[in-house]
Amino acid sequence: MEICRLPVRRDNYIFLLYDAQSRRAAVVDPADAPPVLTQLSQWQAELTDILITHHHGDHIGGISELKHVFPAARVYGGAGDRGRIPEQEVFLEDGDRLTVLRQPAEVLFVPGHTSAHIAYWFTKTADLFCGDTLFAGGCGRLFEGTPAQMLQSLDRLRNLPPETQVWCAHEYTLSNLTFALTVEPTNPALLERYTSVQRCREQGIPTIPTTIAQELATNPFCRWEQPSLHQATGYDEPVRVFAKLRGMKDVF
Ligand code: ZN
Ligand code: FE
């Protein structure tokens, strides 16, 4: 399975998964259809699956047009998103297993950014598609969830194998790391990552995917046990540390 990253809109990524042998493809969070259709026609591939992490417009905008061209493509989303994702036909719960392009995947219910947000974890290839839950160097805003819910969701994601490739839906890395440095100014791994991300972005190179290992080392929203973050927030209880950090980032 090949993974192709399509940058769209201001800072969104659409991910296309491609199985060259069967000429079949799947897409994750198609904000818009045209770039997906262009890539599919270059491969001469058939789109069989449309995987949605949550109902926001920049994750579902292309569904109807894709379904118009590939009526057999199945639209997957969280059970709690019933009525909010156009053409949804598979309603997924935590722990559900599916096979996409012959690869096994597991559904993780990760509420916080929205109340029905899910992530797709491809267990054999160690690829995680986590929408707007975990970002490189940050996490999603809490639109429909509590800090406690988001903390639990991030805790599950950070406990995946460290080598897991994390395909998050936005290129927010540089601004996330700029904030991270204000709360952990002496974290050596963070300082090093900031420099390399800055260099990438100057050249227009994407910083996605990241890995769980990299997030554990540098993402403050995965590091609530760190004394440096207790000092920065004035708390040591995980939910309070997390809520304070999220609040600081909201107004950063
Ligand atoms: Zn969103
Ligand atoms: Fe988004």
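Refer to the structure presented above.
Residues numbered from 1 in each chain as written. Chains lettered and ligands numbered in written order. Predicted model: local features only at pLDDT ≥ 70, side-chain atom pairs only at ≥ 80, totals over all residues. Heavy atoms only, no water.

A.B. asks: Can you help me understand the sheet that holds strand S7 (residues 97-100) in this one?
C.D. replies: Either a parallel or an antiparallel arrangement is found when strands of a sheet pair, and the pairing is made through backbone hydrogen bonds. Read from one edge of the open sheet, 6 strands run S7-S8-S9-S10-S13-S14, paired in mixed fashion. In the strand order of this sheet, the two ends are held by S7 and strand S14 (210-211), each with one partner. With 3 bridges joining them, strand S9 (residues 118-122) and strand S10 (residues 127-131) adopt antiparallel strand pairing. When the sheet's bridge partners are listed, Trp 121 is paired in S10 with Leu 128. Lying on the sheet, helix H4 (residues 147-158) is in contact with strand S8 (103-109) and S10; it crosses S8 at an angle near 155 degrees. (Pairing = 2+ DSSP bridges. Helix = DSSP H or I, 4+ residues; strand = E, 2+ residues; numbered from the N terminus. Contact = heavy atoms within 4.5 Å. Axes fitted to C-alpha atoms, helices over the stretch in contact; angles between N-to-C directions.)

A.B. asks: What's the story with the pattern of salt bridges in this structure? I'm lost.
C.D. replies: Where charged atoms from two side chains of opposite charge come close, those side chains can pair. One pass over the full model with this rule turns up 16 salt bridges. As a salt-bridge pair, Arg 24 and Glu 46 come within 3.8 Å of each other at their nearest N and O atoms. Here Arg 24, found in strand S3 (residues 24-28), pairs with Glu 46, found in strand S4 (residues 46-51); they are 22 residues apart in sequence, far enough to count as distant. A salt bridge links Arg 141 to Asp 250, with the nearest nitrogen and oxygen atoms 3.5 Å apart. Within this pair, whereas Arg 141 is found in the loop between strand S12 (138-139) and H4, its partner Asp 250 is found in helix H9 (residues 238-250), the two being separated by 109 residues in sequence. (Salt bridge = Lys/Arg side-chain N within 4 Å of Asp/Glu carboxyl O.)

A.B. asks: Just checking my understanding: could you explain the coordination of the zinc ion (ligand 1) for this structure?
C.D. replies: In a perfect tetrahedron of four donors around a metal, the angles come out at 109.5 degrees. In a perfect octahedron of six, they are 90 or 180 degrees. His 54 (NE2), His 56 (ND1), His 113 (NE2) and Asp 132 (OD) make up the full set of protein donors to the zinc ion (ligand 1), lying at 2.2 to 2.3 Å. Between the two metals, the zinc ion (ligand 1) and the iron ion (ligand 2), the spacing is 3.2 Å, and Asp 132 donates to both. You can see His 113 sitting in the loop between S8 and S9 and its partner Asp 132 sitting in the loop between S10 and strand S11 (134-135), a full 19 residues away along the chain. On the basis of relative accessibility, which here comes to 4%, the residue His 113 falls in the buried class. (Donors = N, O, S within 2.8 Å, 3.2 Å for Na, K, Ca; no water. Buried < 20%, exposed > 50% of the residue type's maximum accessible area, 1.4 Å probe, protein only.)

A.B. asks: How should the coordination of the iron ion (ligand 2) be read in this particular structure?
C.D. replies: Within the protein, Asp 58 (OD), His 59 (NE2), Asp 132 (OD) and His 170 (NE2) serve as the donor atoms for the iron ion (ligand 2), at 2.1 to 2.3 Å. For the iron ion (ligand 2), the 4 donor atoms in the first shell make angles of 83 to 170 degrees at the metal, so the coordination geometry reads as irregular. If you list the donors of the iron ion (ligand 2) from N- to C-terminus, the spacing comes out as D-H-x72-D-x37-H. (Tetrahedral: all angles 85-135°; square planar, octahedral: opposite > 155°, others 65-115°.)

A.B. asks: So what exactly am I meant to see when it comes to unusual backbone geometry here?
C.D. replies: Leave glycine aside and you will find that most residues have negative phi; peptide bonds, for their part, are mostly trans. Following Ile 208, the chain continues to Pro 209 via a peptide bond in cis, the omega torsion being 5 degrees. With respect to the element layout, Pro 209 can be found in the loop between helix H6 (188-202) and S14. A positive phi is found at Arg 23, a non-glycine position, where the angle reads about 55 degrees. Note on placement: Arg 23 falls in the loop between strand S2 (12-19) and S3. The class for Arg 23 is partly exposed, based on a relative accessible area of 42%. In this model, Gln 44 sits at a positive phi of 55 degrees, which is unusual for a non-glycine residue. Its place among the elements puts Gln 44 in the loop between helix H1 (34-43) and S4.

A.B. asks: Please explain the pairing of S3 as it appears in this structure.
C.D. replies: Within a regular strand, side chains alternate between the sheet's two faces. Of all 5 residues that make up S3, 4 are buried, and the element is covered over most of its length. Bridge analysis of S2 against S3 gives 5 bridges, and the strand direction is antiparallel. The partner of Phe 15 across the bridge, within S3, is Val 28. Following S2, the chain reverses through 4 residues before pairing antiparallel with S3; Arg 23 in that reversal takes a positive phi of roughly 55 degrees. For S3 and S4, the ladder comprises 5 bridges, and the chain directions are parallel.

Treat this as a map of the structure, not an account of what it does.
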